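# Understanding the architecture of this molecule
Listed here are the chains, written in short residue letters.
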Amino acid sequence: MAGIEVTAVESQKALNEFIELPYRLYRGDPHWVPPLRIAVKELLDRRKHPYYANADVELFLARRNGSAVGRIAAIIDKAHNRVHEENAGFFGFFEAVNESEVAEALLAQARQWTFDRGAQFLRGPVNPSTNYECGMLVEGFDSSPMIMMPYNPRYYPELMERAGLRKAKDLLAYLGNANTIDLEKIGRIADRVLKRNGVQVRPINMKDFAADVERVWEVYEKAWSRNWGYIPMSREEFFAMGKEMKQILKPDLVLLGEVRGKVVGFALALPDVNQALKPAGGSLFPTGLFKILYHQRLIKTVRVLALGVVEEYRTTGVAAAFYATLVRNARRMGYGDCEMSWILEDNVLMNRSIEVMGASRYKTYRIYEWN
């Protein structure tokens, strides 16, 4: 790797370089959504962010002649390895110029770091886990990502393959429209389910927000535990994410399903605030905050991030009730386009259900693996 030096991020100056690199690499890309720098700093704060209580992470920068040309995070996720009973290493926050030697040097460093700590394979990208932005865009480069979904240049997948990484799993994103989805069929099913099984679907209670987040966390632990890539979140981590989402969520798009007062499932959709973040350019000041506030009023698209039901109620049609209620509420609130993501490529039932509603697959994200 002549001329390429990969070193750990051990100073504030190096951390700033790590954070700033994508703002330089993506300059001029019309589809990239610059994240708020303050949010990136919080996510990378290994002393304060609750994710790192169950993970070991090292950040690396690749430099040529003193200038940053790439970055990567090497990750040992203890929660993942405990639940799945495997010795996985992960990589994330990958960015690089279009040069194979840079990508290979970064990936080799992440692999070595994780293998030195007991990993038997390297998987990613995850930023820093599947509970956050994850996957590499391999199809659907003609539009911007929606909230909490990643974006990358077209050349990234080729860099992965040249370095020897291979597909582990694809994650699919579908696009539909609340005003064209065939609501009649799923509406009939939903109404029948609600009546027959005594299911009640209600919006999240903003006046009792903490208690509802607690209920949702308990369902998440049960409903997702057998999914590929599932990583349990501590109560502290889950509540921290809930606190962030509280600032942008609409109660009628965050639904809880109850049977005799017990929460058995939830659905989470959020307005696509990426449309408001893009004009801000990653900064709140001097004018970024005003741009976000202005453009936030114009958002007419949503992303369905999660929809889960505990196992004993999955065949009762509760999911249909969630979909029907989300569509009805989205229409009433003036939303149109709706992304449903991400869905595992081999989740046949969910993929077919979404297609039946008239949504089309429009983006594919890939998790890679390197033994």
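Let me begin by describing the structure that accompanies this report. (Residues numbered from 1 in each chain as written. Predicted model: local features only at pLDDT ≥ 70, side-chain atom pairs only at ≥ 80, totals over all residues. Heavy atoms only, no water.)

Take the nonpolar core next. One finds Leu44, Phe91, Phe94 and Met340 to be the most contacted residues of the largest nonpolar core, which totals 134 residues. In terms of residue count, the dominant contributor to this core is helix α11 (residues 318-333) (8 residues). Apart from residues lying up to four places away in sequence, Leu44 is in contact with Leu15, Phe18, Ile19, Tyr52, Leu59 and Phe93. (Core = buried A, V, L, I, M, F, W, Y, C linked by side-chain atoms within 4.5 Å. Buried < 20%, exposed > 50% of the residue type's maximum accessible area, 1.4 Å probe, protein only. Helix = DSSP H or I, 4+ residues; strand = E, 2+ residues; numbered from the N terminus. Contact = heavy atoms within 4.5 Å.)

This part is about the environment of Glu369. With respect to the helices and strands, Glu369 occurs in strand β15 (residues 360-370). For the pair formed by Glu369 and Gly164, sequence separation is 205 residues and the distance between their alpha carbons is 8.8 Å. Not counting residues up to four positions away in its chain, the partners in contact with Glu369 are Phe121, Leu122, Arg123, Leu165, Arg166 and Ala168. Side chain to side chain, Glu369 and Arg123 meet in a polar contact 2.8 Å long. (Polar contact = N/O pair within 3.5 Å; in protein donor to acceptor, adjacent residues only side chain to side chain.)

We now examine the pattern of salt bridges. If you walk through the whole model with that rule in mind, you get 22 salt bridges. For Lys169, the salt bridge goes to Asp346, with nearest N and O atoms at 2.7 Å. Of this pair, Lys169 sits in strand β9 (residues 166-177) while Asp346 sits in the loop between β14 (337-344) and α12 (348-356), and the two are 177 residues apart along the sequence. For Lys169, a relative accessible area of 11% gives the class buried. Using a relative accessible area of 45% as the deciding quantity, one classes Asp346 as partly exposed. The network of salt bridges with shared partners includes Arg202, Asp208, Asp212, Arg215 and Glu258. (Salt bridge = Lys/Arg side-chain N within 4 Å of Asp/Glu carboxyl O.)

Within the secondary structure, Asn131 sits in the loop between β6 (126-127) and β7 (133-134). On the accessibility criterion, Asn131 (15% relative accessible area) is buried. Between the C-alpha atom of Asn131 and that of Phe18, which follows or precedes it by 113 residues, the distance is 22 Å. Setting aside residues no more than four positions away along its own chain, Asn131 makes contact with Met148, Tyr220, Ile231, Met233 and Met241. A polar atom in the side chain of Asn131 sits 2.7 Å from the side chain of Tyr220. Only 2.9 Å separates the side chain of Asn131 from the backbone oxygen of Ile231, close enough to count as a polar contact.

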